[in-house]
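Below, each chain spelled out in residue letters.
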Amino acid sequence: MTKKLTPEKRQAQQLTRQARKLEIRLVKQASARRALDNFGPGMQTYCITHGQFSLAEVIAILLEKIGPADAAMSTWTAGAADLNIIANTLTAGNIKTMRLIVDCSFGQRHPAYLHLCRELYGDEAIRSIRTHLKFVVLTNDEWNIVLRTSMNLNENPRVEYFEVSDDKELADFFLEMVDTIFEEEKVGDFSTKMVPVLKSMQGTRQENTIKTTTLKKITVGKLKRHHQRTLRKSKKQHGKNS
């Protein structure tokens, strides 16, 4: 049985800083390579796609640009094709080290894909938590790439977005969270869980409590009568002003 987190433990982790210059693109048919052709050091690119390429393809293009890198990823779900693409990239040496975070329901929804994931990367490289985060961090001596996205590690022909930044401060923020999750969560534990506590990260505490009230039941008839009263008041006010 899973334990519920108390309000004081439900702390948000946040990073606030000045906005950076941003290149925005709508990519209807072009490839991942074309979408990222202008991306360079210190830049940030935001793309909306029609789902014509996968997250694994975006990662592959970024690795071509920056060279071999350490990788940390989080996804809600994954498919066999993308898992194999990432594994091949790892084998080829373009990914030097690999850490993957998956949602704890992944194995229940797709047991065969979780089995493949464990075979390809090994349990030491995987942690399971309750999450819906989708991100990739790629780092080496020259680059600090953070990829934030709506895309999972699978093919999904729908409107999606991804945002790529070369930003050390942001990369360090995400990597601190990844480090904490890998320290807190047990190797090979893919059971149902609550959200991680992230004990070693300084959370943003809620200082002011929000008062809640019980909402009264509102019927359609009450809404109509309220609307009619509002109209009458509006007409009277309009008559006075005219």
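Residues numbered from 1 in each chain as written. Predicted model: local features only at pLDDT ≥ 70, side-chain atom pairs only at ≥ 80, totals over all residues. Heavy atoms only, no water.

**Structural notes on empty space enclosed by the protein**
Scanning the model with the defined rule gives one cavity of 30 Å³ or more in all. Estimated volume of the largest cavity: approximately 40 Å³. Around the largest cavity, the lining residues are Gly51, Phe53, Ser54, Met151, Asn152, Asn154, Glu155, Asn156 and Glu160. Class assignment for the residues of the lining of the largest cavity results in two nonpolar, five polar and two charged. (1 Å grid on protein atoms, 1.4 Å probe; cavity = no way out; pocket = protein on both sides within 12 Å on 5 of 7 lines; lining within 4 Å. Points joined across faces, edges and corners; volume = space filled by probe spheres on them. Nonpolar A, V, L, I, M, F, W, Y, C, P; charged D, E, K, R; others polar.)

**Let's talk about a positive patch on the surface**
The grouping of Lys222, Arg225, Arg229, Arg232, Lys233 and Lys236 at the surface amounts to a positive patch. Relative to the helices and strands, Arg225 is located in helix α7 (residues 220-241). Assessed through its relative accessible area of 46%, Arg225 is described here as partly exposed. (Patch = residues over 30% accessible without salt bridge, like charges linked within 9 Å, V, L, I, M, F, W, Y side chains within 5 Å. Areas by Shrake-Rupley, 256 points an atom, 1.4 Å probe, with all protein chains shown as cover. Salt bridge = Lys/Arg side-chain N within 4 Å of Asp/Glu carboxyl O. Lys, Arg positive; Asp, Glu negative; His and termini not counted. Charge placed at Lys NZ, Arg CZ, Asp CG, Glu CD. Helix = DSSP H or I, 4+ residues; strand = E, 2+ residues; numbered from the N terminus. Buried < 20%, exposed > 50% of the residue type's maximum accessible area, 1.4 Å probe, protein only.)

**Let's talk about the side chain of Thr180**
With respect to the element layout, Thr180 can be found in helix α6 (residues 168-184). Thr180 sits in the buried class, given a relative accessible area of 3%. For Thr180, the side chain forms a polar contact with the main-chain oxygen of Glu176, separated by 2.8 Å. Discounting chain neighbours no more than four positions away, the residues touching Thr180 are Leu198, Lys199, Ser200 and Met201. (Polar contact = N/O pair within 3.5 Å; in protein donor to acceptor, adjacent residues only side chain to side chain. Contact = heavy atoms within 4.5 Å.)

**With respect to the nonpolar core**
Ile59, Met73, Tyr121, Leu138 and Phe162 are the most contacted members of the largest nonpolar core, which totals 43 residues. When neighbours within four sequence positions are excluded, Met73 is seen to be in contact with Ile59, Ile86, Ile95, Met98, Arg99, Leu100, Ile101, Phe135, Val136 and Leu153. Grouped together as the second largest cluster of nonpolar side chains are 17 residues, Ala72, Ala171, Leu175 and Ile181 included. (Core = buried A, V, L, I, M, F, W, Y, C linked by side-chain atoms within 4.5 Å.)

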